[in-house]
Amino acid sequence: MHDLVIFDCDGVLVDSEVISNQVLMGNLAGYGLHLTLPECMSLFVGGTMVGVRDKARSMGADLPDDWVDQIYAETYDRLRKGVPLVPGVSELLAALDQNGIPFCVASNGSPDKMKITLGQNGLWDRFKDVMFSAHVLGTGKPDPKMFKLAAQHFEANTPVVIEDSQNGVKAALRAGMRCLAYAPHGGGDSLADLGAEVITDMAQVHRLLGLRA
């Protein structure tokens, strides 16, 4: 039995990746970089916004110096209009509670963003004190530091990570942790190739973790 579950936030707890990338796609088009939504998500999901900026510039986008602040403001405004929980998350958290397994969140996103997305879904109070953010720690995935710090905080020996991006999977495996990769809309092959166990429905986690009903 695992003694800690570490969740990524965007795309794992809240279904925010498509919304955020729609905003990003529209913004980048205004700076001369035209991408489809699948291209945008393939390039940028799981990265830090500084990394997105640098990659977009290398692809020809003429981004201003204050672009990171600009895209955060646009994204937060859109997320405030509503973002749903990933289906099955509420049931999974309840099952972890019932089995006495603690959980936390570790994200390349900022605490401000998580307060918006988790707050409107009633999860902020459950995660605010067990939140690990690249913005606070100064290093993001694929660096395994966030996951290692989370395990140390809980004194966990057998943590498991639930991720949805290549950077997240790489960070988990570099930390020596089991990784379940959530890929409900396809694209799981690349995550499986890295060494993750691919799932397409959060209901599968119950069996994979041996949770008692």
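Residues numbered from 1 in each chain as written. Predicted model: local features only at pLDDT ≥ 70, side-chain atom pairs only at ≥ 80, totals over all residues. Heavy atoms only, no water.

With respect to the pairing of strand β4 (residues 159–163)
Within a regular beta strand, the side chains point alternately toward one face of the sheet and then the other, so they alternate between its two faces.
Item 1. Counting buried positions over the five residues of β4 gives five, a clear majority of the element.
Item 2. Taking every second residue as pointing to the same face, both faces of β4 are buried, with Pro159, Val161 and Glu163 on one and Val160 and Ile162 on the other.
Item 3. Here four bridges tie β4 to strand β5 (residues 178–182), and the two strands are oriented parallel to one another. Paired with Ile162 across the two strands is Leu180, which belongs to β5.
Item 4. Handedness of the crossover joining β4 and β5 through helix α10 (residues 166–174) is recorded here as right-handed. (Buried < 20%, exposed > 50% of the residue type's maximum accessible area, 1.4 Å probe, protein only. Helix = DSSP H or I, 4+ residues; strand = E, 2+ residues; numbered from the N terminus. Pairing = 2+ DSSP bridges. Right-handed = clockwise from strand over helix to strand, strands pointing away.)

Focus on the packing of helix α1 (residues 17–29) against helix α2 (residues 37–44)
Item 1. At their nearest, the axes of α1 and α2 sit 9 Å apart, and the two run at 105 degrees to each other. In terms of orientation, α1 and α2 fall into the roughly perpendicular class. Contacts between α1 and α2 involve Glu17, Val18, Asn21, Gln22, Leu24, Met25 and Leu28 from the former and Leu37, Cys40, Met41 and Phe44 from the latter.
Item 2. Split by residue class, the contact of α1 with α2 holds eight nonpolar, two polar and one charged. (Axes fitted to C-alpha atoms, helices over the stretch in contact; angles between N-to-C directions. Parallel < 35°, antiparallel > 145°, perpendicular 65-115°, else oblique. Contact = heavy atoms within 4.5 Å. Nonpolar A, V, L, I, M, F, W, Y, C, P; charged D, E, K, R; others polar.)

Remarks on the packing of aromatic side chains
Item 1. In this structure the tally under the stated criterion is four aromatic pairs.
Item 2. Between Tyr72 and Tyr76, the aromatic rings sit 5.5 Å apart at their centres with planes inclined by 40 degrees, giving tilted as the arrangement. With a gap of four residues between them, Tyr72 and Tyr76 both fall in helix α4 (residues 67–79), about one helical turn apart. There is no split in this pair, since Tyr72 and Tyr76 are both buried.
Item 3. On the basis of an interplanar angle of 50 degrees and a centroid distance of 5.4 Å, the ring pair of Phe103 and Phe127 is categorised as tilted. Note that Phe103 is positioned in strand β2 (residues 103–107) and Phe127 in helix α7 (residues 124–127), a separation of 24 residues in sequence. Per residue, the accessibility class of Phe103 equals that of Phe127, and both read buried.
Item 4. Grouped by ring-pair contacts, the aromatic residues Phe7, Phe103 and Phe127 constitute a single cluster. (Phe/Tyr/Trp six-rings, centres within 6.5 Å; stacked < 30°, edge-to-face > 60°.)

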